[in-house]
Amino acid sequence: MLLPPPSRLEVEVPMPSLLTGKLDCQETSTHYRRLIRQNIKKLGFSPGLAVILGCDDLGCIVYHKWLMKDCHDLGIDAKDIEVNSGMELVKTVARLNQDDKTHGIFIFYPLRYPEIKDDEVMDLVDPEKDIEGLHATNIGYLNKYRKRMDGSDHRCMTPCTARAMVKTLKRGFGDTYLSGKTVLVINDSLRIGRPLTAMVANLKATPILCHQNTNPEHLRHFIKLADVIVSAVPAPGFQIQTDWIKDGALCFDLSGQGNFDYEALDARGIHYTDTTKNSIGKVTRVMALLNLTYAAGLE
């Protein structure tokens, strides 16, 4: 029996006919918040989300506060769950996987528990409830550029931060902007750098992945080549020299400290996201909650 070709990842809603021509995180967030409300209305019930703050990182603590507020504003039934050890976390995830009222699980990393690794916990979450898109199954489907899991109507969960960056760029510059572009990603984490390089490669961009061991001279050369620069370096004092960035490049600052000189970027008319008012974080949270509506059963 012949099987139909695998469905591909698609944009949930059309891009605007009039592009914004900028990287506007607030506009992107507002657009997808409307879609989440529409999805919840179609579902006919409030999706259930379990949120576990498994780390002491200040940025995650702030992010956690805003995520819970987003859930309240959008009518999502979010439960803030506290765990005190790695073993308790493992047992809690196992329980939530079996709970029919919990449609999605969101865990903040890096974990504070030395007895268990982040990637081990990522793979304990049911892939269908993995609204962060970090389970090996979902990462595998991302690399295959699949929209739905094999033999299932369930959508594959796409990593939130990578998706947020792509959606923000598309709303400003169009669906096909990345085709043929060189995208430099300075971060090789499982949550940002690795899924993002796969995602932009799917969109026919040429990704370059750098990290803390990248030769500094090579990094400078890559920056000069890049049409899009995504930097998520958590080290204080790390900043990309603006004169290395070519005219017309788009810059995404996914760090907590600020990896770009915003005043210098403004002076050159370079579009960018920052760590405060135009932060990609507000879009990342919305992408997670959009995934939740699909995990809850929306087709």
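Use the structure listed above.
Residues numbered from 1 in each chain as written. Predicted model: local features only at pLDDT ≥ 70, side-chain atom pairs only at ≥ 80, totals over all residues. Heavy atoms only, no water.

Asker: Honestly, the overall build of the chain in this entry has me stumped. Any pointers?
Answerer: Of regular secondary structure, the chain possesses 10 helices and eight strands. Reported as C-alpha extents along the three principal axes, the dimensions of the chain are approximately 55 × 45 × 40 Å. For the chain, buried positions account for 53% of its 299 residues. If you take every contact in the chain between residues at least 6 apart in sequence, the share linking residues at least 24 apart comes to 67%. On the chain, the mean spot of the 36 positive side-chain charges and the mean spot of the 37 negative ones are 6 Å from each other. (Helix = DSSP H or I, 4+ residues; strand = E, 2+ residues; numbered from the N terminus. Buried < 20%, exposed > 50% of the residue type's maximum accessible area, 1.4 Å probe, protein only. Contact = heavy atoms within 4.5 Å. Lys, Arg positive; Asp, Glu negative; His and termini not counted. Charge placed at Lys NZ, Arg CZ, Asp CG, Glu CD.)

Asker: Explain helix α7 (residues 193-202) here, please?
Answerer: In an α-helix, one turn spans 3.6 residues, which is why side chains three or four residues apart end up on the same side. Buried residues dominate α7, accounting for eight of its 10 residues. What α7 keeps buried is the set Gly 193, Pro 195, Leu 196, Thr 197, Ala 198, Met 199, Val 200 and Asn 202. Here the buried face of α7 lies against α5 (136-144), α6 (160-173), β4 (182-186), β5 (206-210) and β6 (228-231). Lys 204, located one to two residues past α7, shows a positive phi value of around 70°.

Asker: Explain the pairing of strand β2 (residues 77-81) here, please?
Answerer: In the case of a regular strand, side chains alternate between the two sheet surfaces. As defined by bridge partners, strand β1 (residues 48-53) adjoins β2 across five bridges and the pair is classed as parallel. Within the sheet, the bridge partner assigned to Val 51 lies in β2 and is Asp 80. At this point the chain moves from β1, through helix α2 (residues 58-74), to the parallel β2, and the crossover so formed is right-handed. (Pairing = 2+ DSSP bridges. Right-handed = clockwise from strand over helix to strand, strands pointing away.)

Asker: What am I meant to see in the packing of aromatic side chains here?
Answerer: The geometry of an aromatic ring pair is captured by two quantities: the separation of the ring centres and the angle between the planes. If you walk through the whole model with that rule in mind, you get five aromatic pairs. Aromatic pair Tyr 63 and Phe 106: ring centres 6.2 Å apart, planes at 20°, arrangement stacked. A residue pair is termed long-range when its members are at least 10 positions apart, and Tyr 63 in helix α2 and Phe 106 in strand β3 (residues 104-108) qualify at 43 residues. By the burial criterion, Tyr 63 is buried, and Phe 106 matches it. Ring centres of Phe 173 and Tyr 177 lie 5.4 Å apart, and the angle between their planes is 45°; on these two criteria the pair is classed as tilted. With relative accessibility at 21%, the residue Phe 173 sits in the partly exposed group. Classification of Tyr 177 by relative accessible area gives buried; the value is 16%. An aromatic cluster of at least three residues, connected via ring pairs, comprises Tyr 63, Phe 106 and Phe 108. In this arrangement the basic side chain of Lys 181 is found over the ring face of Tyr 177, its NZ or CZ atom lying 4.3 Å from the centre. (Phe/Tyr/Trp six-rings, centres within 6.5 Å; stacked < 30°, edge-to-face > 60°. Lys NZ or Arg CZ within 6 Å of the ring centre and 35° of its normal.)

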